[in-house]
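Below, each chain spelled out in residue letters.
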Amino acid sequence: MSTTIADMWVDPRCPWAWITSRWMAEVEQVRSVEMRFHIMSLSVLNEGREVPEKYRQGMIDGWACVRVCIAAQHEHGNEVLRPLYEAMGRLIHIEKAGLGHDMISAALAEAGLPAGLIEAAEDTGWDEKLRAEHHEGMDPVGSEVGTPVIHVPGPDGTPLAFFGPVLTPAPRGEAAGKLWDAVLAVASTDGFFELKRGRDRDPIFD
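Examined against the element boundaries, Arg-13 turns out to sit in the loop between strand 1 (4-10) and helix 1 (15-30). Excluding its chain neighbours within four sequence positions, the residues that come into contact with Arg-13 are Leu-42, Ser-43, Gly-58, Met-59, Gly-62, Ile-92, His-93 and Leu-99.

Looking now at the packing of helix 3 (residues 53-76) against helix 5 (residues 101-110). Where helix 3 meets helix 5, the axes come as close as 10 Å, and the angle between the chain directions of the two elements is 25 degrees. One element, helix 3, and the other, helix 5, form an angle in the roughly parallel class. As helix 3 packs across helix 5, the resulting crossing turns out to be right-handed. Residues Ala-64, Cys-65 and Val-68 of helix 3 touch helix 5, and the partners they reach there are Met-103, Ile-104 and Leu-108. Considered class by class, the residues forming the contact of helix 3 with helix 5 number six nonpolar, no polar and no charged.

Next up on the list: the sheet that holds strand 4 (residues 159-163). The pairing of strands in a sheet happens through backbone hydrogen bonds and is either parallel or antiparallel. Read from one edge of the open sheet, four strands run 2-1-3-4, paired in mixed fashion. Every other strand in the sheet has two partners, leaving strand 2 (33-39) and strand 4 as the edge strands with one partner each. Within the sheet, the average angular offset between the axes of one strand and its neighbour, ignoring direction, is 20 degrees. Sheet topology places strand 3 (residues 149-153) next to strand 4; five bridges connect them, and they run antiparallel. Considered in strand 4, the bridge of Val-152 is made with Leu-160. Across the sheet, helix 4 (residues 81-94) lies against strand 1 and strand 2, angled at about 75 degrees from strand 2, the strand it touches most.

The rules we used
- Throughout, a residue's number is its position along its own chain's written sequence, starting from 1.
- At least 70 in pLDDT is required for a residue's local features to be given in this predicted model, at least 80 for side-chain atom pairs to be given and counted, and no such filter applies to totals for whole chains, interfaces and linings, which use all residues.
- Remark: hydrogens and water are excluded; side-chain values derive from all non-hydrogen atoms of the structure.
- The numbering of helices and of strands both runs from the N terminus, where a helix is a DSSP run of H or I of at least 4 residues and a strand a run of E of at least 2.
- A contact between two residues is defined here by any heavy atoms of the two lying within 4.5 Å.
- Whenever a helix is involved, its axis is fitted only over the stretch in contact; in every case the axis is a line through C-alpha atoms, and angles between N-to-C directions fall within 0 to 180 degrees.
- Oblique is the label for any angle not under 35 degrees, not over 145, and not in the 65 to 115 range, which are roughly parallel, roughly antiparallel and roughly perpendicular in turn.
- By the definition used in this description, the sense in which the near helix is turned from the far one sets the handedness, with an anticlockwise turn below a right angle giving left-handed and a clockwise turn giving right-handed.
- Classification used: nonpolar for Ala, Val, Leu, Ile, Met, Phe, Trp, Tyr, Cys and Pro, charged for Asp, Glu, Lys and Arg, polar for all others including Gly.
- Two strands qualify as a pair provided DSSP detects at least 2 bridges between them.

Dropping the structure here:
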């Protein structure tokens, strides 16, 4: 059976994207699926929008880690994004290490990447490449969604792009596989746009 490449656009600071990525890691174990990471930016997405006060500082602080991710990708190849994202995700969401340079430096070290990449954190010269990567993932699903976004080949080879799923906690084992099957069935249905209900719990990282 051929392997399906699932391209996933994430911002390391989004807890919901982190949980979806943990679900996808489970899917890889029970289905012929390989996850490939890409970077989007909630700071780019929300430029010019009114956001609640409690999110505004995050919009500012959030530039640093995505710039470093883009710099790492362009200097060392797309394959380094997975260990770097997973290190950042664990530090941000499990260790509560924040979004600052200490967290980023620790993530670079954990991913085996050069410490000097931290210089990209405040370097706006990376923003053009960041925006291009962001729009590659986000434009096919529209501007009214956030992260995660997943792209997969459709049944006829035409790419399918969708937001989500947003879930917590991440399903494990065969339950993860069954959800993947269902998500693909929904996403490949012509004319299907939305399935949603209100959230009644905070992110669960177990």
